[in-house]
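Notes for the structure review
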Amino acid sequence: MQDSDIKSVARRLHEAEANVERIKQTSLEYPNITIADAYAIQSEWCKIKISAGQVVKGHKIGLTSRAMQMQAEIDEPDFGTLFDKMFFDDGSEIEAKKFLTPMVEVELAFILGSRLEGDAVTIFDVINATDFVTPALEIIDFRNNGVDPGQQQTRTVMDTIADNAANAGIVLGGRAMRPKDLDLRWIPALLYKNGIIEETGVAAGVLNNPANGIVWLAKKLAPFCIALEAGQVVLAGSFTRPVPVAPGDTIHGDFCNLGSITCRFR
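First, a word on scope: everything that follows refers to the structure included in this document. In this numbering scheme, every chain counts its residues from 1 along its sequence in written order. Residues qualify for local features only when their pLDDT is at least 70, as the model is predicted, and side-chain atom pairs are given and counted only at 80 or more; totals for whole chains, interfaces and linings, by contrast, use all residues. For the side-chain quantities, the full set of heavy atoms in the structure was used; hydrogens and water were omitted.

**Things to note about the overall build of the protein**
Condition: Numbered from the N terminus, helices here are DSSP runs of H or I no shorter than four residues, and strands are runs of E no shorter than two. Think of it in three bands: with a 1.4 Å probe and only protein chains considered, a residue is buried below 20% of the maximum accessible area for its type, exposed above 50%, and partly exposed in between. Should any heavy atoms of two residues lie within 4.5 Å, those residues are counted as being in contact. The Shrake-Rupley method, run with a 1.4 Å probe, gives the accessible areas here. Residue values count only the displayed protein chains as cover. In summary, the charge assignment counts Lys and Arg as positive and Asp and Glu as negative, without counting His or the chain termini. For charged residues, the charge sits on one atom: NZ in Lys, CZ in Arg, CG in Asp, CD in Glu.
Looking only at helices and strands, the protein has seven helices and 13 strands in total. For the protein, buried positions account for 53% of its 266 residues. Sequence separation of 24 or more characterises 77% of the internal contacts of the protein that already satisfy a separation of 6 or more. Here the protein displays about 11700 Å² of accessible surface, and carbon together with sulfur accounts for 51% of that area. Of the side-chain charges in the protein, 26 are positive and 35 negative, and the distance between the mean point of each set is 2 Å.

Okay, here's the thing in structure tokens:
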């Protein structure tokens, strides 16, 4: 893709988010789009957000489960950027009209106490650099059409990556605990919608250990000289399928010893 095309798509995604509307799949408009092109669009969109006054607060990792990777026809996760406007408090009432077709996933958030950078980062570095691990609900949404109404083409992973990895919101809550005090692989979660358990899972579903997601991200960002900074929040990836939500729905995530987290869509 040409630089002008990348900037054009980024601008359209930004406007689509602001206007709560969908655009035609980027992959349909540019059939030869590559993953590198998709990340270039995402990066350009992030620059637009920053120029509009939004503040980078961290990063997210997506497509971490084997099942989701097979569905997307890729063999590695993807990533996106978290901005200050995306954060909601535990117990928040969230306006559903801000989103198109919102869905919720349960995740673990790593709150970094020191910098992580380079392609030599290990899981031990991640654990040492993390101040706290805490429960999180990620709200995902898509600005690209799921299925094109004319050509019936479905959304591809390139569309999702360009769309900031479908990132739309994050709710933090529960108990913040030191990673050295936890067996990260065996942290469980029950995801309730309106009092009914919709999904269950354990954190090992994220690349065998959610800390591995942070390792992967640090290495992925290394060629671009981008570090994971102290104070940033990194969502390690979902260990349940996304659950659709609508106005009136109450979402509750029970993370056992790490406590619980709730939000309501109005």
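Past the structure itself, the notes keep going.
**As for the pairing of strand β12 (residues 250-254)**
Note the cut-off: Strands are treated as partners if at least two bridges between them are detected by DSSP.
Where burial is concerned, the two faces of β12 differ: the one with Ile251 and Gly253 is buried and the one with Thr250, His252 and Asp254 is not. Here four bridges tie strand β8 (residues 188-193) to β12, and the two strands are oriented antiparallel to one another. From the neighbouring strand, Leu190 faces β12, where its bridge partner is Asp254. Relative to strand β13 (residues 260-265), β12 runs antiparallel, the two being bridged by five bridges. Residue pairing across strands places His252 opposite Thr262, the latter belonging to β13. Hairpin geometry of β12 and β13 is characterised by an intervening segment of five residues between the two adjacent antiparallel strands and by a positive phi of about 55 degrees at Cys256.

**Topic: the pattern of salt bridges**
Put simply, the test is: The term salt bridge refers to a pairing of a side-chain nitrogen on Lys or Arg with a carboxyl oxygen on Asp or Glu at a separation within 4 Å.
Inspection of every chain in the model, using the stated rule, returns 15 salt bridges. Between Glu93 and Arg266 there is a salt bridge, with the nearest N and O atoms lying 3.5 Å from each other. Of this pair, Glu93 sits in strand β4 (residues 93-94) while Arg266 is found in the segment after β13, placing the two residues 173 residues apart along the sequence. One salt-bridge network, held together by shared partners, links Glu93, Glu95, Lys97, Arg264 and Arg266.

**A closer look at the nonpolar core**
Our working definition: What is meant by a nonpolar core is a set of buried Ala, Val, Leu, Ile, Met, Phe, Trp, Tyr and Cys residues, joined one to another through side-chain atoms within 4.5 Å.
Counting 65 residues, the largest nonpolar core has Leu108, Phe110, Leu137, Ile214 and Phe265 as its most contacted members. If near-sequence neighbours (up to four positions away) are discounted, Ile214 is found in contact with Ile61, Phe110, Leu116, Val126, Leu228, Val234 and Ala236.

**A word on helix α1 (residues 3-19)**
Each turn of an α-helix holds 3.6 residues, which means side chains three or four residues apart point in the same direction. Let me state the cut-off plainly: A helix is expected to reach a length of 1.5 Å times the quantity of its residues less one. Relevant arc is that of directions from the helix axis to the C-beta atoms, nothing else.
Taking 1.5 Å per residue, 17 residues should reach 24 Å; α1 reaches 24 Å between its end C-alpha atoms and fits that length. Along α1, the residues that are buried comprise Ile6, Val9, Ala10, Leu13, His14 and Ala16. Down the axis of α1, the buried side of the element spans an arc of 160 degrees, and every buried residue falls inside it. Considering only its buried residues, α1 is in contact with α2 (26-29), α3 (35-51) and α6 (157-162). The positive-phi residue at the C-terminal boundary of α1 is Val20, with phi of around 50 degrees.

**Considering the environment of Ile94**
In this structure, Ile94 sits in strand β4. Relative accessible area serves as the criterion here: at 0%, Ile94 is assigned to the buried category. Taking C-alpha positions, Ile94 is 4.8 Å from Phe265, a pair spaced 171 residues apart along the chain. The contact partners of Ile94, leaving out residues within four places of it in the chain, are Phe88, Phe99, Ile139, Val171, Cys263, Arg264, Phe265 and Arg266.

**As for unusual backbone geometry**
In this structure, Ala165 takes a positive phi of about 55 degrees despite not being glycine. Note that Ala165 resides in the loop between α6 and β7 (167-172). Residue Ala165 is classed as buried on the basis of its relative accessible area, which comes to 4%. One non-glycine residue with positive phi stands out, namely Cys256, at about 55 degrees. Tracing the backbone shows Cys256 in the loop between β12 and β13. With relative accessibility at 48%, the residue Cys256 sits in the partly exposed group.

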